[in-house]
Amino acid sequence: MEDTVLNPTSSPQSNNRRAVRFDDSQIIIGLEVHVQLDTDSKLFCGCSTRFGEAANSQTCVVCTGMPGALPVINERALELSIRAGLSLNCQIARSTKWDRKNYFYPDLPKGYQISQFDQPICGPGHLDIETSEATDQARRIRIERAHLEEDAGKSIHDESGRRQDSKIDLNRTGTPLLEIVTQPDIRTAAEAKAFLSELKLILNYIDVSDCNMQQGNLRCDANVNLHIPFGDEQIATPIVEIKNLNSFRAVERSITHEAQRQFEAWQENGLTIADAPKQTRGWNDHTQTTTLQREKEDSADYRYFPDPDLIAVKIEDSQIQQIESQLEQLPADLRKLLAEQYNLKSADASVIVSQGRGVVDYFLEVADGCEDSKIANNWIGQEVLRQLNESNQTIEQYPVSPQQFTDLLKLVIAGTLDQTRGKEVLNAMVADCISPEEAIKQLGIKPVDNNELVSLCEKLIDENQDVVEQIQSGNGKAIGMLIGKARKMNPNANPGLVKAMLAKMIST
Amino acid sequence: MTLSALNADVIVDQLNAGEVTATDCVQHFLDRIQVHNAELNAFIRVSESALEQAEAIDQRRKAGESLGCLAGLPIAIKDGICVSGQPTTAGSKMLENFSPPYDATIVERLKSADAIIIGKTNMDEFAMGSSTENSFFGPTNNPWATNRVPGGSSGGSAACVAARLAPVAIGSDTGGSIRQPASFCGITGLKPSYGRVSRYGLIAFASSLDQIGPMTRTAKESALLMSVIAGFDPRDSTSSKEQVSDFLTSLETPLAGLRIGVCRDHLNEGLDVEVKTKINDAISVFKQLGANIEEIELPQTKSAIAAYYIIAPCEASSNLARYDGVRYTFRAQANDLEEMYRNTRGQGFGDEVKQRIMLGTYALSSGYYEAYYLKASKVRRMIKQDYDEAFKKVDLILGPTTPTPAFKLGQHTQDPLAMYLADIYTVSANLAGIPAISVPVEPSSTGLPIGLQLQGRAFEENTLLRAAHQFQNETLWHMASPSEPWRTQS
């Protein structure tokens, strides 16, 4: 049941359509993001939300839908939702309620999902995203709403084709999800990815969700269509909801693919939004294509109605204010702080901030301590992040404390350690969990006095007359060879001092 | 006097005084069930462990341990209420083999008061019905006339108390399911305010209307049970934190000056002439007790049945979705998932349940929701406003519990509307969330019980119980028992 052909492909209209270029069309994208809230227990019962436990071990009479069992709201989930809403500039509802979304599925034990239909906990808001485009201007993506709901369980089907029994694991049933719905404000696949990255970063910062996509803690559906200029008109193609997007890359690629597909389909059949119902298509990672799942017309009537087992939730201003007052700085605030107060380039600030709050705090402490934010950024943005990446550690596990790191950078800034020696010291500090002083001692680093330096330089000049001549004939860069040799002769010789002294001696 | 003739409070006194052992007491009622249940079908199942529990209580009493306030008292529980490890069927084939792994909150409370659950009583399937004829386990017969229905849906609980197969019982009431069978069987039945008693463990019919309550011979016994089962439960979000009053101590407070409202509309159209006469006689008793009788109006209650038969099926259609054959229920043979759903629900549910699921599904469907569910919810609010207005003028509202005494088995089974009208006076209290009690008045000339309903302000069960108790101090209708062997009546 692929798209029906209304117009013959050889009609004059179709020839006109073939004249339109894909690049002239505009992609319109809206996202629906499901985020698992980082609560210890489920949304309506006390069961643990831990991932990866034995099947059906994290269940009780409530989340398995036993007759007579009743739901009780997890206050923590409300708090985290409010926190997320505030961070996305959403209006927080003062009164919200629970609705039942009725449908049959074996991993939905009650035959309905408890969700929020017409009074979501978070109303309209927005999120500004940085795009990689040259303009460097933030794009504002409006949030339509964010509502709380319980997750379903997991069906495990036998895929051997031998008609084995399907299995159901209800451990995930009832874990709290916040569904965040954007307005169709996103215009490129890259923006969609940028939106998700920023959303994930924010939710990490405010401890609302770890957004671990492998564990399904962040799931995304994308609504996509095209606006195509056609003669004097602007044609909108039928809207497609793409499901099963379980990585940022899948989001980006599926949108790119789907836009192209819709364009070609329109060239072929000329169908517009007015001619065809909303479709659901699934993203296939293997084939890198979307395939038709169902037309929205066939979709169930969910028969939403207020859940009579739960009372409406009243949210007091004081509660919102309290949550707001505990809210820490968001990534955008910190980027601004690093750029404006610490004079980092915006790209550098983004790198630090994207590592999470821990790295930002580490940077701030070191930058304040050594009073040189550029050096702090160079060392943390490169050395520390590389080491963390290699050892697969978090900043909290990093063996060098911000104070020790500050002490190290002070020595570098003072010239006591050059860059290279400094990195050797850092490596020793990381390897043996020792202070800079201990590392310096271990590496046998000691200052070289002026007399030693003079005799070192004299020896270099004597032994390398050819290089000296090169320098004298105007090849200034050749001095680097001498500095390299100096390091071999005495690793403690400061390259800067060696260079200055050599230059002086050669020119005179 | 034999144990079965005694009231629960007297039995508890005798147990406490050591005049009778819990074992003897339980054995006495088990013997009566053994003799009479075949004819009445009041119990779906008798508890196998009841005697064992009774022995344990006797042991503990002997050892001088302190015991709960109902220690050794046998109690029957409607089969729609979960008792851990005992089959709990809600009168349905769907749950024929379902044993809940947990106790309902009220069962937990009764157990910790050391009451002994003697068995599970028959009911209309999923509490949907007014005659107990919709049970998968067959109908229950009214002990006053075995060719008549005991009312429903808590017909088994009502019949077992009337026939003295248990001293007291627990029922549940969604649109009259405690009060209507209490009225038909000549006993006292209280539907508490919505939220007064935890619903945790009550197999849901219509969650916003369901309420568990006592079914007893006397108002005093109801007060005794309420003192155990009422109160806030953190596991039920809709249970109330409203202070629970001492139901027993206020029973004797005189009724002088109590304002009782009578709605004339409820005493005219469609009401059986004998019922009307007996209710008017009862009004005279309340006057003698010092109450002031005042006329009130409840204009919206005429729409109550219509609103109820939208709201209850809507909620039921969703509440019963969980019985899908996937987990603990009956499962029909099938070749694929959809067929499994169809066959399981087609074969597992009875006709009345299927009818209500279809009604509710239809009324909640997109395009109909506003016209049905939302409109019914609006009517519901107006009914509540009627009561709010009335309770500014009066403390209680008095009227008949049902328009007629018990009807015959099969009389209304082909006419759902006539069956639904049996609830005409009772559903309003559920829609408004207020408490209501049914107490026996003088029976009909043919000896069929007639019930008087008192409705009160939300969370004022004590006023209802007090008025009912003092009425029972003046009358003896509630003490009448059907004569054995049970008779039929044309």
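Residues numbered from 1 in each chain as written. Chains lettered and ligands numbered in written order. Predicted model: local features only at pLDDT ≥ 70, side-chain atom pairs only at ≥ 80, totals over all residues.

1. What about the overall build of chain A?
(1) Moving on: Secondary structure assignment for chain A yields 16 helices and 16 strands.
(2) Moving on: For 508 residues, the compact-globule formula gives about 23 Å, and the C-alpha radius of gyration of chain A, at 31 Å, lies well above that figure.
(3) Moving on: In terms of its C-alpha atoms, chain A occupies a principal-axis envelope of roughly 90 × 65 × 55 Å.
(4) Moving on: The buried share among the 508 residues of chain A stands at 38%.
(5) Moving on: Long-range pairs, those at least 24 residues apart, make up 70% of the contacts in chain A with a sequence separation of at least 6. (Helix = DSSP H or I, 4+ residues; strand = E, 2+ residues; numbered from the N terminus. Rg over C-alpha atoms; globule rule 2.2 N^0.38 Å. Buried ≥ 20, exposed ≤ 12 C-beta atoms within 10 Å, placed from the backbone. Contact = placed C-beta atoms within 7 Å.)

2. A few points about the overall build of chain B
(1) Moving on: For chain B, the helix and strand inventory stands at 15 helices and eleven strands.
(2) Moving on: Its C-alpha radius of gyration of 21 Å places chain B within 12% of the 23 Å reference for a compact globule of 490 residues.
(3) Moving on: Once the C-alpha set of chain B is aligned to its principal axes, its extents read approximately 60 × 55 × 50 Å.
(4) Moving on: Counting only residues that meet the buried cut, chain B has 60% of its 490 residues in that class.
(5) Moving on: Across chain B, contacts joining residues at least 24 apart in sequence account for 76% of those joining residues at least 6 apart.

3. Quick look at the domain arrangement of chain A
Residue and element names in this part refer to chain A.
(1) Moving on: According to the domain assignment, chain A consists of domain 1 (12–306), domain 2 (329–442) and domain 3 (450–507).
(2) Moving on: One C-alpha centre belongs to domain 1, the other to domain 2, and the line joining them spans 38 Å.
(3) Moving on: Every contact between the two is made by eight residues of domain 1 and, on the other side, seven residues of domain 2.
(4) Moving on: Top element by residues in the side of domain 1 that touches domain 2 is helix H3 (residues 189–205). It accounts for five residues.
(5) Moving on: Each residue belonging to the side of domain 1 that touches domain 2 can be placed in one class, and the counts come to three nonpolar, two polar and three charged. (Domains from an automatic or database assignment. Nonpolar A, V, L, I, M, F, W, Y, C, P; charged D, E, K, R; others polar.)

4. So, the interface of chain A and chain B
How big an interface is tends to be stated in terms of the accessible area lost upon association of its parts.
(1) Moving on: Each partner contributes residues to the interface: chain A has 25 residues there, and chain B has 34 residues.
(2) Moving on: Its residues placed into classes, the side of chain A that touches chain B shows 15 nonpolar, five polar and five charged.

5. Describing the environment of Phe-349 of chain B
All names here are of chain B.
(1) Moving on: Following the sequence through the fold, Phe-349 ends up in the loop between helix H10 (337–348) and helix H11 (351–364).
(2) Moving on: Along the primary structure Phe-349 and Leu-320 are separated by 29 residues, whereas in three dimensions their C-alpha atoms are 9.8 Å apart.
(3) Moving on: Apart from the residues lying within four places of it in its own chain, the contact partners of Phe-349 are Ser-92, Met-94 and Lys-354.

6. Concerning the confidence of the model for chain B
Low-pLDDT stretches of the model should not have their predicted coordinates read in fine detail.
(1) Moving on: Averaged over every residue, the pLDDT of chain B is 96; the share at 70 or more is 100%.
(2) Moving on: With pTM at 0.92, the complex prediction returns an ipTM value of 0.96. (pLDDT = per-residue confidence, 0-100.)

7. A closer look at the packing of helix H6 (residues 331–340) of chain A against helix H7 (residues 346–354) of chain A
All names here are of chain A.
(1) Moving on: Relative to each other, H6 and H7 sit at 135°, their axes nearing to 9 Å. With respect to H7, the element H6 is oriented oblique. Considering the relative orientation of H6 and H7, their crossing is right-handed. The residues of H7 that touch H6, namely those facing Pro-331, Leu-334, Arg-335, Leu-338 and Ala-339, are Ser-346, Ala-349, Ser-350, Ile-352 and Val-353.
(2) Moving on: Across the contact of H6 with H7, the residue classes break down as seven nonpolar, two polar and one charged. (Axes fitted to C-alpha atoms, helices over the stretch in contact; angles between N-to-C directions. Parallel < 35°, antiparallel > 145°, perpendicular 65-115°, else oblique. Left-handed = near helix turned anticlockwise from the far one by under 90°.)

8. Overview of the pairing of strand S12 (residues 240–245) of chain A
Strand residues, when the strand is regular, have side chains that alternate between the two faces of the sheet.
Residues and elements named next belong to chain A.
(1) Moving on: Both strand S10 (residues 218–230) and S12 contribute to a ladder of four bridges, which runs antiparallel. Residue pairing across strands places Val-224 opposite Val-240, the latter belonging to S12.
(2) Moving on: You can see the chain leave S12, run along helix H4 (residues 248–269) and come back into strand S13 (residues 279–284), and the turn it takes is left-handed. (Pairing = 2+ DSSP bridges. Right-handed = clockwise from strand over helix to strand, strands pointing away.)

9. What about the environment of Phe-126 of chain B?
Residue and element names in this part refer to chain B.
(1) Moving on: With respect to the element layout, Phe-126 can be found in the loop between strand S3 (116–121) and helix H5 (155–162).
(2) Moving on: Along the chain, Phe-126 and Ile-203 lie 77 residues apart, while their C-alpha atoms are 7.4 Å from each other.
(3) Moving on: Apart from residues no more than four positions distant in its own chain, Phe-126 is found in contact with Ala-90, Gly-91, Ser-92, Ile-203, Phe-205, Leu-320 and Val-353.

10. Digging into the confidence of the model for chain A
(1) Moving on: Put simply, chain A has an average pLDDT of 91, and 95% of its residues get 70 or more.
(2) Moving on: Contacts for the low-pLDDT stretch residues 1–5 of chain A, under 50 throughout, to residues beyond four places or in other chains number six contacts.

11. Topic: unusual backbone geometry
(1) Moving on: Looking along the chain, the bond that leaves Gly-152 of chain B and enters Ser-153 of chain B is cis, with omega of 10°.
(2) Moving on: The topology assignment puts Ser-153 of chain B in the loop between S3 and H5.
(3) Moving on: Each neighbour pair has its own omega, and for Glu-484 of chain B with Pro-485 of chain B the value is -5°, a cis peptide bond.
(4) Moving on: Residue position: Pro-485 of chain B is located in the segment after helix H15 (461–474).
(5) Moving on: For Asp-207 of chain A, which is not a glycine, the phi torsion comes out positive at approximately 60°.
(6) Moving on: Within the fold, Asp-207 of chain A resides in the loop between H3 and S10.
(7) Moving on: By the C-beta count within 10 Å, which is 12 here, Asp-207 of chain A ends up exposed.
(8) Moving on: Of note, the phi angle at Asp-114 of chain B is positive, near 70°, even though the residue is not glycine.

12. Quick word on helix H13 (residues 450–463) of chain A
All names here are of chain A.
(1) Moving on: Along its 14 residues, H13 runs 20 Å from first to last C-alpha, staying within 8% of the 20 Å computed at 1.5 Å per residue.
(2) Moving on: When we look at burial in H13, the residues that qualify are Leu-456, Cys-457 and Leu-460. Down the axis of H13, the buried side of the element spans an arc of 95°, and every buried residue falls inside it. Opposite the buried face of H13, by more than 90 degrees, sit the exposed residues Asn-451, Val-454, Ser-455 and Asp-462.
(3) Moving on: On the buried face of H13, the contacting elements are helix H15 (479–489) and helix H16 (495–507). (Expected span 1.5 Å × (residues − 1). Arc of directions from axis to C-beta.)

13. With respect to the sheet that holds strand S4 (residues 112–115) of chain A
Residue and element names in this part refer to chain A.
(1) Moving on: The strand order across the open sheet built from three strands is S4-S3-S15, with neighbouring strands paired in antiparallel fashion. Every interior strand has two partners, whereas the edge strands, S4 and strand S15 (305–306), have only one.
(2) Moving on: Here two bridges tie strand S3 (residues 99–102) to S15, and the two strands are oriented antiparallel to one another. Directly across from Asp-99, in S15, lies its bridge partner Pro-306.

14. Quick look at the sheet that holds strand S4 (residues 168–173) of chain B
Residue and element names in this part refer to chain B.
(1) Moving on: Taken together, the eleven strands give an open sheet; going across it, the order is S1-S3-S2-S4-S6-S5-S10-S11-S9-S7-S8, and neighbouring strands pair in mixed fashion. One side of each edge strand has no neighbouring strand; the edge strands of this open sheet are strand S1 (43–46) and strand S8 (292–296). On average, adjacent strands in this sheet sit at an angle of 30° to one another, irrespective of strand direction.
(2) Moving on: Sheet strands touched by H5: S1, strand S2 (74–78), S3, S4, strand S5 (188–191) and strand S6 (211–216). Its angle to S4, the strand with the most contacts, is close to 155°.

15. Re the environment of Gln-404 of chain A
(1) Moving on: Within the secondary structure layout, Gln-404 of chain A lies in helix H10 (residues 402–414).
(2) Moving on: Taking C-alpha positions, Gln-404 of chain A is 6.1 Å from Ser-435 of chain A, a pair spaced 31 residues apart along the chain.

16. Points about the packing of H15 of chain A against H16 of chain A
Residue and element names in this part refer to chain A.
(1) Moving on: The N-to-C vectors of H15 and H16 enclose an angle of 130°; their axes lie 10 Å apart at closest approach. The orientation of H15 with respect to H16, classified from their angle, is oblique. Like other packed secondary-structure pairs, H15 and H16 cross with a definite hand, here right-handed. Touching Ile-479, Leu-482, Ile-483, Ala-486 and Arg-487 of H15 are Pro-495, Val-498, Lys-499, Leu-502 and Ala-503, all from H16.
(2) Moving on: In terms of residue class, the contact of H15 with H16 is made up of eight nonpolar, no polar and two charged.

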